[in-house]
Protein chains: 2
Amino acid sequence: MKDPDAMQSGLQLLESADAAYLTTIDGDGFPQTRAMLNLRNSDQFPALSRLFSGLDERFVVYFTTNASSAKIEQIRRNPKVSVYYSIPAEWRGLMLGGVMEIVADSGLKKALWQKGWEMYYPGGDDDPDYAILRLSPMVAKYYHQLVSSVFDLGQKS
Amino acid sequence: MKDPDAMQSGLQLLESADAAYLTTIDGDGFPQTRAMLNLRNSDQFPALSRLFSGLDERFVVYFTTNASSAKIEQIRRNPKVSVYYSIPAEWRGLMLGGVMEIVADSGLKKALWQKGWEMYYPGGDDDPDYAILRLSPMVAKYYHQLVSSVFDLGQKS
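Residues numbered from 1 in each chain as written. Chains lettered and ligands numbered in written order. Predicted model: local features only at pLDDT ≥ 70, side-chain atom pairs only at ≥ 80, totals over all residues. Heavy atoms only, no water.

Time to look at the relation of the copies chain B and chain A. The pair of chain copies shares a relation made of a rotation about an axis and a shift along it. Of the two same-sequence chains, chain B is brought onto chain A (RMSD 0.0 Å, axial shift 0.0 Å) by a rotation of 180°. Here the symmetry operator amounts to a two-fold rotation axis. Measuring from the rotation axis to each C-alpha of chain B, the shortest distance belongs to Pro31 of chain B, at 3.4 Å. (Least-squares fit on C-alpha atoms with pLDDT ≥ 70 in both.)

Chain B puts 30 residues into the contact, and the matching count from chain A is 30 residues. Together, the buried faces of chain B and chain A total about 2600 Å²; carbon and sulfur atoms form 71% of this surface. Our count for the contact surface shared by chain B and chain A stands at 0 salt bridges. For the pair chain B and chain A, the number of links is 9 residue pairs in polar contact (both at pLDDT 80 or more). Elements that contribute at least two residues to the side of chain B that touches chain A include exactly strand 1 (20-25), strand 2 (31-36), strand 4 (80-87) and strand 5 (92-103) of chain B. A per-element tally of the side of chain B that touches chain A places strand 2 of chain B first, with 6 residues. Among the residues forming the side of chain B that touches chain A, the class breakdown is 19 nonpolar, 7 polar and 4 charged. (Contact = heavy atoms within 4.5 Å. Buried area = accessible area lost by both parts, 1.4 Å probe. Salt bridge = Lys/Arg side-chain N within 4 Å of Asp/Glu carboxyl O. Polar contact = N/O pair within 3.5 Å; in protein donor to acceptor, adjacent residues only side chain to side chain. Helix = DSSP H or I, 4+ residues; strand = E, 2+ residues; numbered from the N terminus. Nonpolar A, V, L, I, M, F, W, Y, C, P; charged D, E, K, R; others polar.)

All names here are of chain A. All buried positions along helix 3 (residues 70-77) are accounted for by Lys71, Ile72, Gln74 and Ile75. For helix 3, the buried positions fall inside an angular range of 160° around the axis, keeping them on one side. Of the exposed residues in helix 3, those oriented more than 90 degrees away from the buried face are Glu73, Arg76 and Arg77. (Buried < 20%, exposed > 50% of the residue type's maximum accessible area, 1.4 Å probe, protein only. Arc of directions from axis to C-beta.)

Next up, the structure:
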């Protein structure tokens, strides 16, 4: 289905949801979900909006995390993930599904870095424990109340 | 870890989160996440609170869904799931993980039924498309900002 209105609504949700819920699969085959910073939220991270312009149609999303975290180990073993964005009061949701990449790019690390993140990565933007994840999803699914619209985004770029 | 305060905070979150994010694993091994009604939310479903009393320590949760939905097919093939509850503004989260059961119990179906659900199940509380899911989790993980507490709840009861 290629519903331009639903795609636009999905992008608007991506840019306004308070958090992103990332699910990886652990070594025993169980899904593991946790909240992540939604770097695409344009109110929370206005300085990053320009960085993401041009990625809209493919719903590409980035995450920052600790290289030493369990999720990184899970992604190395099995990179299949989902990411969910939600506005519960309106029963709107956006699911992105695909293969997560761990990106080693010092320029991107610097570009994404935000003031205050020394709390997570004491060494700053070149802390070896500061890691970047990238999802160029194969599928996006937008939910609004009882209706859902699926977008096949093809293989990851 | 058995931190009674964290367990109490997790239960309080379970009973106040606006929605539950259920992740199943599809036939290709990809996680699939969607929002579900949080029947444990005591403001949204006050009439169900009594039904759930006594289940607190084990974090047992129920969901209602359409028997014909993709998630039911996914659970039949692979019952390993996660459920996530979140209060994004406070960076609080609760993840439950374990094996989902599909419960065929007409008494429970009637007990859980809420006014207005004819929108989902036109045939009412004995509609064959009205299905109940039950998770007695093996693990609960409570997150608050940078701290997480894991509760091993043992095998499903």
